[in-house]
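So you can see what is in the structure, the chains are spelled out below.
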Amino acid sequence: MNDLHNLSVKALANLLQTKEVSAVEVATRFLARMGGNPHNAFLDIDSEATLAQARASDAKLANGTAGPLEGVPVAHKDVFVTQDFATTAGSKILSGYRSPFDATVVQRLRTAGMVTLGKLNCDEFAMGSANENSAYGAVQNPWDTTRVPGGSSGGSAAAVAAGLAPAATGTDTGGSIRQPASFCGITGIKPTYGRASRYGMIAYASSLDQAGPMARTAEDCALLLSAMCGPDADRDSTSLDVPAEDFTASLGAELKGLRIGIPQEFFGEGLHADVRAAVDAALAELTKQGATLVPISLPRTELSIPVYYIIAPAEASSNLSRFDGVKFGHRAKDYTDLESMYKKSRAEGFGSEVKRRIMTGTYVLSHGYYDAYYLQAQKIRRMIADDFQNAFKQCDVIAGPVAPSVAWKLGENANDPVADYLADIFTLPASLAGLPGMSVPAGFGAHGMPVGLQLIGNYFKEAQLLNVAHRLQQATDFHLRKPEGI
Amino acid sequence: MSLTPQDIDRIANLARLELKPEESERMLAQINGFFGIVNAMQAVDTSGVQPLAHPVAAIQDIALRLREDVVSEPNNREANQRSAPAVERGLFLVPKVIE
């Protein structure tokens, strides 16, 4: 059973249900792989806490009360609060923080039977596209340890790619599930905004943040997503009253007649040739299966960058005002009065990208600037959402690249935050519109680095997206390839 | 439009952030750099467009719901205060605010 770490969630669940392997054995195998914290993927590991959950799962498997994913390990991005593990959101300001409760998503996956392996590194408060903004050090891409894993769910993507966890949770505000999934050669999906509860997910930009699963296959993502979604009426006021769904039910359906919209704006001169070649090859495979490609236009794609980088920092500046050194988190040692305590605690606790976004957000919400920036951005946001609805009159799903290039070198954009912002261009539009989006391994580009195909669906069409991804994975093996030595 | 060092000081005060002089300087350059890409937004004619807050409101009416006004949380003071920087007799401590 030495290759347990290469098995899918589905295969592990089967082995556990038929009692060919125990939850403790599976957890022990993954904990052994996590030893020494390869790629700096984890921020908190506690073998005793993991094994206690595994023993509880084994008891349920023995007495017939097991959930569908009983005993299958999962690791959580550190923005989900957990009782059994520390939660920092990748920030010094929350160093050592212990939540009194579990996030709804964490609790639902546990109810489905999943055992928590630990907490995964991420950009501080999920602000970043390379995982270089973590206060606890960058994460390495398992395909080339001198390159970034993408962000902000970089630890999640690296852990799955390196076989440190069969699946992970991530959050996506402007592409933070899709882009690292693409950079690390795994599969990840962000559902429709409002599908998954945000309760216990440390808020960055409340009108954009969504939780989603990351795993090797679309089928595994469907299994996790089915457990994660559903209304959370008393806990999250933005949670939609849309019932949970079995996203595996329609996997395997034929693609014949499926119209795939190809936005011309996603294939302009900014797109690197190696990424384009891999995306084109994946699209060719889908047409071979009966889908047709339809040219469409998303005319405000470029505008999504300023719109997003106004709205998200504005909401962040409000959300992050709770970190004041009073009820939780870091408090400065030397201060003169309450105001200086706030200012020094926040100055010491936040990293530079977080400070930059708080400053930008505070400015655009301040008196005299609100209409020109925040309100204007929210209006263009509606125009972007309307552009998608127009496009969906001509197609069923939209496909294109996730990012203009493969993963870049660690440190390459360190002094140029705007360079990272511009690289988000293809993931931001769906985020602003609140549409479901995913990344599926589509091949390899420059330097042998993975390339993902982005699929965007209309609201609540996650099952359709997952099916397209699943069909692609039936015909290709990119999702099964692993970095050397894994 | 360009921000000035005075703007940075004013915003930092509103955001309750103490910035070191070199940090303020870097912040000024970076935020001004960022506003270079924001200007494209100003040229868009948005007259008559309603701002979009909950994205799914693009296709259906979304009303933020209210829950029943009943007590639902148990007293969990100890766990809630476990990560507090300073606590005494169940109260959060802050520097004196009233002389």
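Residues numbered from 1 in each chain as written. Chains lettered and ligands numbered in written order. Predicted model: local features only at pLDDT ≥ 70, side-chain atom pairs only at ≥ 80, totals over all residues.

### A look at the overall build of chain A
Assigned secondary structure in chain A consists of 15 helices and 11 strands. For a compact globule of 486 residues, the expected C-alpha radius of gyration is about 23 Å, and chain A comes in at 21 Å, within 12% of that figure. Taking the principal axes of its C-alpha atoms as reference, chain A extends roughly 65 × 55 × 45 Å. Counting every position in chain A, which comprises 486 residues, the buried fraction comes to 63%. Within chain A, residue pairs in contact and separated by at least 24 positions form 76% of the contacts whose partners lie at least 6 positions apart. (Helix = DSSP H or I, 4+ residues; strand = E, 2+ residues; numbered from the N terminus. Rg over C-alpha atoms; globule rule 2.2 N^0.38 Å. Buried ≥ 20, exposed ≤ 12 C-beta atoms within 10 Å, placed from the backbone. Contact = placed C-beta atoms within 7 Å.)

### Quick notes on the interface of chain B and chain A
The partner chain A presents 58 residues to the 45 residues of chain B that form the contact. Mapped onto the side of chain B that touches chain A, the elements with two or more residues apiece are α1 (5-14), α2 (21-42) and α3 (77-81) of chain B. Here the side of chain B that touches chain A is composed, by residue class, of 31 nonpolar, nine polar and five charged. (Nonpolar A, V, L, I, M, F, W, Y, C, P; charged D, E, K, R; others polar.)

### Some points on the pairing of strand β3 (residues 115-120) of chain A
Residues and elements named next belong to chain A. Of all six residues making up β3, six are buried, and the element is well covered by its neighbours. The sheet contact formed by strand β1 (residues 42-44) and β3 spans two bridges and is antiparallel. Within the sheet, the bridge partner assigned to D44 lies in β3 and is K119. Inspection of the sheet shows strand β2 (residues 73-77) paired to β3 by four bridges, in the parallel sense. Bridging from a neighbouring strand, H76 pairs with K119 of β3. With helix α4 (residues 104-111) bridging β2 and its parallel neighbour β3, the resulting β-α-β unit is right-handed. (Pairing = 2+ DSSP bridges. Right-handed = clockwise from strand over helix to strand, strands pointing away.)

### Comments concerning the confidence of the model for chain B
In the predicted model, chain B carries a mean pLDDT of 92, and 99% of its residues have values of at least 70. If you check the scores for this complex, the pTM reads 0.97 and the ipTM reads 0.96. (pLDDT = per-residue confidence, 0-100.)

### Section: the packing of helix α2 (residues 23-34) of chain A against helix α3 (residues 47-63) of chain A
Residues and elements named next belong to chain A. Taken N-terminus to C-terminus, the directions of α2 and α3 make an angle of 155°; their axes are 8 Å apart at the nearest point. In terms of axis orientation, α2 runs roughly antiparallel to α3. When you trace α2 past α3, the crossing you get is right-handed. Together, A23, V24, A27 and L31 of α2 and S47, T50, L51, A54, R55, S57, D58 and L61 of α3 make up the contact between the two elements. (Axes fitted to C-alpha atoms, helices over the stretch in contact; angles between N-to-C directions. Parallel < 35°, antiparallel > 145°, perpendicular 65-115°, else oblique. Left-handed = near helix turned anticlockwise from the far one by under 90°.)

### Brief notes about helix α15 (residues 462-475) of chain A
Residues and elements named next belong to chain A. In a regular helix each residue adds 1.5 Å, so 14 residues correspond to 20 Å; α15 covers 20 Å between its end C-alpha atoms and thus fits that length. Extensive coverage of α15 is indicated by the burial of 11 of its 14 residues. Taken together, the buried positions of α15 are occupied by E462, A463, L465, L466, N467, V468, A469, H470, R471, L472 and Q473. Tucked inside the fold, the buried residues of α15 contact β5 (187-190), α7 (218-228), α8 (273-288), β9 (397-401), β10 (437-444) and β11 (450-457). (Expected span 1.5 Å × (residues − 1).)

### Topic: unusual backbone geometry
Residues and elements named next belong to chain A. Omega for the peptide link from G151 to S152 comes to 5°, which places this bond in the cis form. With respect to the helices, strands and loops of the structure, S152 is situated in the loop between β3 and α5 (154-161). Here N40, not a glycine, exhibits a phi torsion of approximately 55°, which is positive. Position of N40 among the secondary structure elements: in the loop between α2 and β1. Even without being a glycine, F460 presents a positive backbone phi close to 70°. Relative to the helices and strands, F460 is located in the loop between β11 and α15. Residue class for F460 comes out partly exposed when judged on the 18 C-beta atoms lying within 10 Å of it.

### Looking at the nonpolar core
One recurring pattern in soluble globular proteins is that nonpolar side chains are buried together. All names here are of chain A. Counting residues in each nonpolar core, the largest one holds 167 residues, and the members touching the most others are A159, V160, A165, L224, I310, V397 and L455. Considering every element that reaches this core, the biggest residue donor is helix α9 (residues 304-319), with nine residues. Setting aside its immediate chain neighbours within four residues, L455 contacts V397, A399, G437, M438, V440, L465, V468 and A469. (Core = buried A, V, L, I, M, F, W, Y, C linked by C-beta atoms within 7 Å.)

### Digging into the packing of α7(A) against α15(A)
Residue and element names in this part refer to chain A. In the contact formed by α7 and α15, the axes pass within 8 Å of each other and the chain directions differ by 155°. Between α7 and α15, the interaxial angle falls into the category roughly antiparallel. In contact with A218, E219, C221, A222 and L225 of α7, α15 contributes E462, L466, A469, H470 and Q473. Here the contact of α7 with α15 is built from residues that sort into six nonpolar, two polar and two charged.

### With respect to the pairing of strand β6 (residues 210-215) of chain A
Residues and elements named next belong to chain A. Judged by how many residues are buried, β6 sits mostly within the fold: six of six residues are covered. The two faces of β6 match: Q210, G212 and M214 on one face and A211, P213 and A215 on the other face are all buried. Bridge count for strand β4 (residues 167-172) against β6 is six bridges, and the pairing is antiparallel. Bridged to D172 within β6 is Q210. Strand direction decides the pairing type here: β5 and β6, joined by two bridges, are antiparallel. Note that in β6 the partner of G188 across the bridge is M214.

### Quick word on the environment of B:S2
Residues and elements named next belong to chain B. With respect to the element layout, S2 can be found in the segment before α1. In this structure S2 comes out as exposed when scored by C-beta crowding, with 9 C-beta atoms within 10 Å. Along the backbone, S2 and R89 are 87 residues apart, and their C-alpha atoms lie at a distance of 50 Å.

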